[in-house]
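Coordinates in review
Spelled out from the first residue to the last, the chains are:
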Amino acid sequence: MLTNRSLQTLASAPLRLPAGSLALALPPLRAISTATVAAKAHDRTHQQSVAASAARRTPLFVSNSRVLGKGLFFHRPPLVTATSTLPSYAPWTLTWRLPYAAVAAAQTQPKQQEIHVDVGEVARLRDECRAVNPECGYKPPLAFDPTKCLECWACEKACPVGDKFLFNQSTCLLCGKCAQVCPTGAISSPPMPIRETLSKLKEEGKVTIAQVAPAIRSVLTEEQICYGLHDLGFDMVFDTNMAADICIMEEAAELVTRITAPSQESPLPMFTSCCPAWINMVEKHYPHLIPHLSTCKSPQAMLGALVKHHWASQKGVSADDIFMVSVMPCIAKKDEVQRVQLEHAVDAVITTKELMDQGSFDLEAAKNNTQKLHFDQPFAEHSGGAVIFGASGGVLEAAARTAYKMVTGNEPPHASLQPARQQGDVKELVLPVKEGVEIKVAIVNGMDHLSEVLPHMDKYHMIEVMNCEGGCVGGAGNPRALDLKEIQKRQQELYKRDEKATYFASHETPAVERLYKGELKDEHLRHHLFHTHYNHRFEKDQWHLPATKLIHVKPATTPVSPPAMEHCKTLIPIGFDEIHVKDRVRVTPEGYKPAQYVFKFTVPSGAAGGPSTYRTGDHFGLVPCNPPELVDRLLMWLGKDPMRAHEELVEVTSEDPLRAFPGMPMTLHRLLSQFVDLNGPVPYYLRRLVSPDTGFVPPEAVAHKNAAEAIMSLPKGKYSFSEIVSACDIIHPRFYSIASSDTRCPDEIELLVVDVPGGLCTGHICRQPLEYIQTTPIAGKLRKGVFNYPMDGNTPMVCVTVGSGFAPVRAFLQERKDRGLSGDFVLVHGCRHASKDFVCQEDIQDGGVSASFYAFSRDDPKKKVYIHDKIAENGAAVWELLQRPDCQFFYCGSSGKILNQMETALIKCSEGICDGGSIIRQMKGEHRYHLEAY
Ligand SMILES: Cc1cc2nc3c(=O)[nH]c(=O)nc-3n(C[C@H](O)[C@H](O)[C@H](O)COP(=O)(O)OP(=O)(O)OC[C@H]3O[C@@H](n4cnc5c(N)ncnc54)[C@H](O)[C@@H]3O)c2cc1C
Ligand code: SF4
Ligand code: SF4
Ligand code: SF4
């Protein structure tokens, strides 16, 4: 059993790092009631090596374990991460979450000390802590499964703050955009088993209440939602729209107060506060904007407070006996409900997607239901203003309807509200109040456009910021929209409902009016129920660069011998071997763009710890170097002689577990050519260095620029070299599906590579002269793929490929031929032109596929033909195989909407043949449906 004494023993353990332990530099721990620990490995190979290391008890390196400033983690315990020194590029991370009591102790005794925890001990503690108090831990809204990660970096590109999948508590907005774009489900939001939870709560005598966000109605109808949620077991289903009306009443009143009497505590402009990802952005990245945030809680939190602290007492029910679940289009709301300020007003959040994916919500029955079910009173009535909350611009439009009335006594001119409904990244509304006086507001449609407004924020009275493009209808908890058109369709659905609404503005809703004139007349009660406060969650003096991201570069102090010096000059990332290009053959016609090549590489030696043999279907990772001329230019800007930089040794350590460096000195030149990404787009933190207060860099200043050019635009001497390196990305590996079979080419690796304009890796391997790349080694490693060719030759297979996604299928076909395999094999392949980029046709002929269908998207100028068209045309042949219980499905190619289109086409063309949807679900559950999308 976990006791405070046992934890205090841990806390007072010696300061030295003995072999066979994890060392966590923690403040003294006291009165711990819970701790959680999670091991993450970057890929399967690392996971295995981590497991092996744990077994061998290899000493692990400590990083990033400070408890940051007072009040920082006021509502959840800080994360403490430790990083292994194993040879891996992005090593595993151990994450501890400290309980409040430990934080309090840390704040009173800030002196740090190390404690040592045995790997086995950590796992034991974790289990014991859960047993002691399973409730008290924070439940992260996002989880990362390294075994599914392809390192395609789509998550990083989609992330508003350039984070990776670590969900670093001091920087991550918990918005779930990364989960939304992840093609393999490696990042996901763990669903709550809702039916089971509800029946357990029922047994305990709890009243179970659901509330439903406005944006859900863009995907499901009110009747479907009410039917489905009651069917699941909820006692009551309330409408969050009603609280959206209250939110507008409060927000409009707050705006009017700020306009009439602005103060340091309540300045203008006022920012909306209903998007929790935006609140996280302010608290973690722009704390100086906290006074500008409206103090209004979000509608879900308002309804929770109203129900638990007001409605419950009226009904004679204890708040503790109510279990409230919000149905939201949003992953960040799962984080929001755990804020201490909200006092557990909402107990859990489920997303629309979870409801629809889980199978627990009977969608078909809900769709076929003919009863006219509605939300339960007294939280059912609402205005059209509340309905449009779910669309970008909706909150501001609704607030304008009421604030204008409060100021002028009239309805705002409809034409002045129109811009809120237009498409655009940043929208402006001007409301003429009286001669010469107007209210100016702005709408930020997606967090990526925040920096376009912040530099000019003083010219506005109010600014709406929504993290998701299109507003909550495009939220990461809603089913992923295929494209912008679908988002617009969802917005239109809400606007139609607004038109049909009985009441135009929030102040007109009778239920709201009754509350404000009756039970909620007392302003103090309303303030208590509906308002909140925010806290800095970042070190004040360093908020432009989080402490958890720091990389320290300092001159090496220990002299090195000449042979070791050679090693420092050629140091490659941990976990990679030196490999060589053997050959390169262009397979598309000269002059055709993009060019494609078949490469031959040497197989890694395995010296760095990775495998030295591969299986058909595996991946090959390359870590390219920056172009030499770019490195030299930057060195000169730094005042360094490029030639001497080849001799100057530096030591590099990192606080960021995802940006690990070899634990030995390297030359300055090597650091800038092999590790710091100088060629890629300007990353988030580098923008923050260029423009620390706002992160705003004029678009023309970063367009077509790379990180090196952004560095060279910084004021000289303003930032240390360590800060500059910390703000940059580290060159990450580019993975390729191996295009050869290990049966045919055991001693070399073949790749099918498309030359990507502006690409770093392809710039090196595709565009440099063959002799140059043959004589310049590159860092490479093997990795297990998502799918190995089945050893049983009779396994039926359906393969769908697009462009260079044909690479692994080329390997499968080689293996079929060489091993004389004859299982049924259907291929659907898409490229642009039959005569130009339909490469490696001889492999298809040799591999003896049973049926093949080709989509050439650009051959017919009148009609583009895609793989989903070919699937739709050939449903019988495809489903003849997919129906077989041992059939394996494999897709390889680009990610994005093509994946949805393909699956939709597969399900649609199964009509009249079988229940395709159920078969695909089953195949996914049995790991027979493989996606290699990038
Ligand atoms: C599992 C897996 C398998 C894959 N298999 C294959 C395969 O078989 N064949 C294949 O060809 N590819 C494959 N890929 C894709 C491959 O890994 C690379 O992404 C691709 O080769 C591009 O790498 P790059 O370094 O040349 O481009 P990057 O440097 O990564 O550039 C990517 C994009 O960013 C843009 N960009 C770069 N710098 C800037 C800048 N400063 N400003 C603005 N934009 C910029 C580029 O123009 C380009 O569009 C696979 C990917 C994965 C994850
Ligand atoms: S598969 Fe791609 S998007 Fe998903 S976690 Fe891995 S790198 Fe991110
Ligand atoms: S949740 Fe949002 S902020 Fe956090 S890593 Fe994912 S995309 Fe980035
Ligand atoms: S815009 Fe809406 S869905 Fe997206 S993070 Fe904000 S509240 Fe959630």
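- Its UniProt record gives the chain the following Cofactor (unreviewed entry) comment, quoted word for word: "FAD".
- Under Sequence similarities (unreviewed entry), UniProt gives the following word-for-word description of the chain: "Belongs to the NARF family."

1. What to know about the overall build of the chain
- Per the secondary structure count, the chain includes 35 helices and 31 strands.
- Expressed as a percentage of its 934 residues, the buried residues of the chain come to 59%.
- A separation threshold of at least 6 residues defines the contact pool for the chain, and within that pool the share at least 24 residues apart is 77%.
- Of the roughly 36900 Å² of accessible surface on the chain, 53% is carried by carbon and sulfur atoms.

2. Considering the packing of helix α9 (residues 240-260) against helix α11 (residues 299-315)
- With their axes 8 Å apart at the nearest point, α9 and α11 run at an angle of 105° to one another. Between α9 and α11, the angle falls in the class roughly perpendicular. Contacts from T240, A243, A244, I246, C247 and E250 of α9 reach α11 at P299, Q300, M302, L303 and L306.
- Looking at side-chain class alone, the contact of α9 with α11 contains 8 nonpolar, 2 polar and 1 charged residues.

3. Observations concerning the site of ligand 2
- Taken together, 14 residues sit near ligand 2, with C149, L150, C152, C155 and C182 positioned nearest.
- For the shell around ligand 2, a count of residues per class yields 12 nonpolar, 1 polar and 1 charged.

4. A look at the sheet that holds strand β22 (residues 649-654)
- Across the sheet, 3 strands lie side by side as β17-β22-β23; this open sheet has antiparallel pairing. Each edge of the open sheet is held by one strand with a lone partner, namely β17 (551-555) and β23 (666-667).
- Note that β22 and β23 share 2 bridges and pair antiparallel. Pairing of L649 across the sheet is with T667, part of β23.

5. Some thoughts on the packing of aromatic side chains
- In this structure the tally under the stated criterion is 16 aromatic pairs.
- Judged by centre distance (4.9 Å) and plane angle (75°), the rings of F238 and F379 are edge-to-face. With F238 in strand β10 (residues 236-239) and F379 in the loop between α14 (363-368) and α15 (384-387), this residue pair connects regions lying 141 residues apart in the sequence. F379 matches F238 in its accessibility class, with the two residues each being buried.
- When the ring of F889 is compared with that of Y929, the centres are 4.6 Å apart and the planes differ by 15°; the resulting orientation is stacked. On the criterion of sequence distance, the pair formed by F889 in strand β30 (residues 888-893) and Y929 in strand β31 (residues 929-933) is long-range, its members being 40 residues apart.

6. Considerations on helix α19 (residues 510-517)
- Turning to α19, its buried residues number three or more, namely A511, V512, L515 and Y516. The buried residues of α19 occupy an angular sector of 130° when projected down its axis, which confines them to one face. Opposite the buried face of α19, at more than 90 degrees from it, the exposed residues are R514 and K517.
- Residues of α19 that are buried sit in contact with α9, α11 and α20 (523-530).

7. As for helix α10 (residues 276-285)
- A large share of α10 lies buried, amounting to 10 of its 10 residues.
- Residues of α10 that are buried sit in contact with β11 (270-271), α12 (332-336), β16 (462-466) and α24 (684-690).

8. Let's talk about the side chain of H764
- Within the element layout of this structure, H764 appears in helix α28 (residues 760-765).
- Using a relative accessible area of 14% as the deciding quantity, one classes H764 as buried.
- Not counting chain neighbours up to four residues away, the residues in contact with H764 comprise Y772, I773, T776 and I778.

9. A few points about the pairing of strand β27 (residues 797-802)
- A large share of β27 lies buried, amounting to 6 of its 6 residues.
- Note: β27 against strand β28 (residues 825-831), 6 bridges, orientation parallel. When the bridges of β28 are listed, V798 appears paired with V826.
- The β-α-β motif built from β27, the intervening helix α30 (residues 806-819) and the parallel element β28 has right-handed crossover chirality.
- Inspection of the sheet shows β27 paired to β30 by 5 bridges, in the parallel sense. When the sheet's bridge partners are listed, V800 is paired in β30 with Y891.

10. What about the sheet that holds β11?
- Here 4 strands make up an open sheet; going across it, the order is β11-β16-β15-β14 and the pairing mixed. Every other strand in the sheet has two partners, leaving β11 and β14 (426-434) as the edge strands with one partner each.
- Taken together, the 5 bridges between strand β15 (residues 437-445) and β16 define a ladder with parallel strand orientation. Paired with A442 across the strands is I463, a residue of β16.
- Helix α16 (residues 394-408) contacts β14, β15 and β16 of the sheet and is inclined by roughly 160° relative to β16.

11. Thoughts on the nonpolar core
- Ranked by size, the top nonpolar core spans 149 residues in total, and within it L229, W278, L671 and L686 carry the most contacts.
- Tallying contributions element by element places α9 first for this core, with 9 residues.
- Composition of this core by domain shows at least three residues from each of domain 2 (194-530) and domain 3 (550-680 + 729-734).
- Setting aside residues up to four positions removed in sequence, L229 forms contacts with A210, V212, F234, V237, V327, L355 and F361.
- V828, I871, Y891 and I898 belong to the second largest nonpolar core, which has 30 residues in total.

12. Regarding the pattern of salt bridges
- The final tally for this structure, using the stated rule, is 41 salt bridges.
- Here D231 ties to R195 by a salt bridge, and the two come within 3.6 Å at their closest N and O atoms. Taken as a pair, D231 in helix α8 (residues 222-232) and R195 in helix α7 (residues 194-203) lie far apart in primary sequence, 36 residues in all.
- Residue D231 is classed as partly exposed on the basis of its relative accessible area, which comes to 34%.
- The partner of E397 in a salt bridge is R401, with the nearest N and O atoms 2.8 Å apart.

13. A few points about a negative patch on the surface
- A surface patch of negative charge is lined by D425, D448, E452 and E469.
- Assignment of secondary structure puts E452 in the loop between β15 and β16.

14. Concerning the pairing of β28
- Of all the 7 residues making up β28, 7 are buried; the element is thus mostly covered by neighbouring parts of the structure.
- Residues F825, L827, H829 and C831 of β28 are buried on one face, and the alternating residues V826, V828 and G830, pointing to the opposite face, are buried as well.
- Sheet topology places β28 next to strand β29 (residues 851-856); 6 bridges connect them, and they run parallel. Paired with V828 across the bridge in β29 is F853.

Each value, and the rule that gives it
- Residues numbered from 1 in each chain as written.
- Chains lettered and ligands numbered in written order.
- Predicted model: local features only at pLDDT ≥ 70, side-chain atom pairs only at ≥ 80, totals over all residues.
- Heavy atoms only, no water.
- UniProt positions renumbered as here; feature names shortened; annotations may be inferred.
- Helix = DSSP H or I, 4+ residues; strand = E, 2+ residues; numbered from the N terminus.
- Buried < 20%, exposed > 50% of the residue type's maximum accessible area, 1.4 Å probe, protein only.
- Contact = heavy atoms within 4.5 Å.
- Areas by Shrake-Rupley, 256 points an atom, 1.4 Å probe, with all protein chains shown as cover.
- Axes fitted to C-alpha atoms, helices over the stretch in contact; angles between N-to-C directions.
- Parallel < 35°, antiparallel > 145°, perpendicular 65-115°, else oblique.
- Nonpolar A, V, L, I, M, F, W, Y, C, P; charged D, E, K, R; others polar.
- Near = heavy atom within 4 Å.
- Pairing = 2+ DSSP bridges.
- Phe/Tyr/Trp six-rings, centres within 6.5 Å; stacked < 30°, edge-to-face > 60°.
- Arc of directions from axis to C-beta.
- Right-handed = clockwise from strand over helix to strand, strands pointing away.
- Core = buried A, V, L, I, M, F, W, Y, C linked by side-chain atoms within 4.5 Å.
- Domains from an automatic or database assignment.
- Salt bridge = Lys/Arg side-chain N within 4 Å of Asp/Glu carboxyl O.
- Patch = residues over 30% accessible without salt bridge, like charges linked within 9 Å, V, L, I, M, F, W, Y side chains within 5 Å.
- Lys, Arg positive; Asp, Glu negative; His and termini not counted.
- Charge placed at Lys NZ, Arg CZ, Asp CG, Glu CD.

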